[in-house]
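# Structural overview
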Amino acid sequence: MFRNLHKICACDYISAQIFPGQINPIRLSAAARPTGNATQNAPAAAMLHMPPDLPRNQKVSVEYLPWIPSPYAHLGKKFNQYKKLSKFRLTSLVVITTMGGYAMAPAAFDLTTFVMCSVGTGLVSAAANSINQYHEVPFDSQMSRTKNRVLVTGQMTPLQAVGFAAVSATTGLCMLYFGVNGLTAALGAGNLFLYTSVYTPMKRMSIANTWVGSVVGAIPPLMGWAGCAGSLDAGAMILAGVLYAWQFPHFNALSWNLRPDYSRAGYRMMAVTNPDLCRRTALRYAFAIGGLSMMAPLLDVTNYWFVLETLPLNAYFCYLAYKFHHKSDSGSSRKLFRFSLIHLPALMLLFLANKKKWYFTENADEKVTKSDKTFMSLLPTSPPTGLQNVLPVAVTAASR
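This text gives an overview of the structure that appears in the document. (Residues numbered from 1 in each chain as written. Predicted model: local features only at pLDDT ≥ 70, side-chain atom pairs only at ≥ 80, totals over all residues. Heavy atoms only, no water.)

## Focus on helix α16 (residues 330–353)
- Its 24 residues place the ends of α16 35 Å apart at the C-alpha level, agreeing with the 34 Å of an ideal helix rising 1.5 Å per residue.
- By the largest-angle criterion, S340 marks the main kink of α16, which is about 25°.
- Burial in α16 covers these residues: S332, S333, L336, F339, S340, H343, L344, L347, M348, L350 and F351.
- Close packing links the buried residues of α16 with α5 (88–104), α11 (234–256), α14 (275–295) and α15 (305–326). (Helix = DSSP H or I, 4+ residues; strand = E, 2+ residues; numbered from the N terminus. Expected span 1.5 Å × (residues − 1). Bend = angle between axes of the 7 residues up to and from the residue. Buried < 20%, exposed > 50% of the residue type's maximum accessible area, 1.4 Å probe, protein only. Contact = heavy atoms within 4.5 Å.)

## Structural notes on the packing of aromatic side chains
- One pass over the structure, following the stated rule, counts 18 aromatic pairs.
- Ring geometry for Y316 versus F339: centroids 4.9 Å apart, planes at 80°, classification edge-to-face. Here F339 lies in helix α16 and Y316 lies in helix α15, a separation of 23 residues in the sequence.
- Residue classification places Y316 among the partly exposed positions, given a relative accessible area of 41%.
- Classification of F339 by relative accessible area gives buried; the value is 15%.
- Among the aromatic residues, those joined into a cluster by ring pairs are F139, F251, Y262 and Y267.
- Positioned above the aromatic ring of F88, the side-chain terminus of K83 is 4.8 Å from the ring centre.
- A cation sits over an aromatic face here: K203 above Y267, 4.9 Å from the ring centre. (Phe/Tyr/Trp six-rings, centres within 6.5 Å; stacked < 30°, edge-to-face > 60°. Lys NZ or Arg CZ within 6 Å of the ring centre and 35° of its normal.)

## Regarding the pattern of salt bridges
- Applying the stated criterion across every chain, the model contains five salt bridges.
- Linking D140 and R149 is a salt bridge whose minimum nitrogen-to-oxygen distance equals 3.0 Å.
- The class of D140 is buried, set by a relative accessible area of 2%.
- With its nearest N and O atoms 4.0 Å apart, the salt bridge here joins D300 to K356. Pair noted here: D300 is in the loop between α14 and α15 and K356 is in the loop between α16 and β3 (367–370), with a separation of 56 residues, a long-range link. (Salt bridge = Lys/Arg side-chain N within 4 Å of Asp/Glu carboxyl O.)

Worth remembering: the numbers are spatial, not functional.
Structural data, given as structure tokens:
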């Protein structure tokens, strides 16, 4: 039976290629082989659909159907398919956190570097998501949430996915290295490897994948910070810590209602293998976000108004996490997940609104230090020329 079905499918494909503009495979009201004159008058395509083991004296009604191209082969939909392959919404969130890290860095804002850092990070994220979907096709097909992805449904081929990932990763890393700096490119390459080669296979091996995935989500703000300042300091770790902690209540709440899907596909998630740990972890890291927000003014990342302004936001987030811990059901998990989508953008905006100092107008090459009676201007990055070889430090006296 399966051999005959394979032959029929192959003949259908051939007939569609031979008659691309006239007819599609023939619809028969009664499946039988025509006899006599009917055999001579019936088209060859109709004969392909007639099982050979049925009576030869049964009449056949043939209906011609217009040939319609596959909806997945339409070139106009390719752009949307690549958007789905790159997980556009997730990539947008990664780019937004990268922009936040760049804007929060204690250095002068440069528009060119900002754009290169944002676009490069987005391309690397798109490549990572493409490789992730390439590896998980057999498992995505078993989950209701992912069964309509472009590789699962055949809208795109694996070769197209790998090719897109290779071009995106190469272009993005080159933009980060040549357009920003080496540290940012190294963080991007490390994150690409961590997501595709460690996190993706670990999802079916250990619940530690959630912690590894949180590290992946915490690196983009570090890339933005390094892209602007050229280095990382304690302030960068505050932003990374907030992103790291935020992902636990966010993902644990999301995975709670997807436990049947994850279990059917064989993914080892906390919500499936250890529900108590899932609830405790969500609550624990929700409180950690509040603690990190209080540390931001101490490390000169924000002013002290930031603590007061974020207190209601973080308190309600902790309240929802407590409700999820106390009564884990679809309602509490859904409320926590939905508010997490509001919590992170609001927290990032408060970071920007309460930044300790902005550097839009300050010259990045000049560092001004104040003494008791004078201001001393140091120019460490400009090479000395002329009289500056004799007097490398210019001192300007000024009264208070």
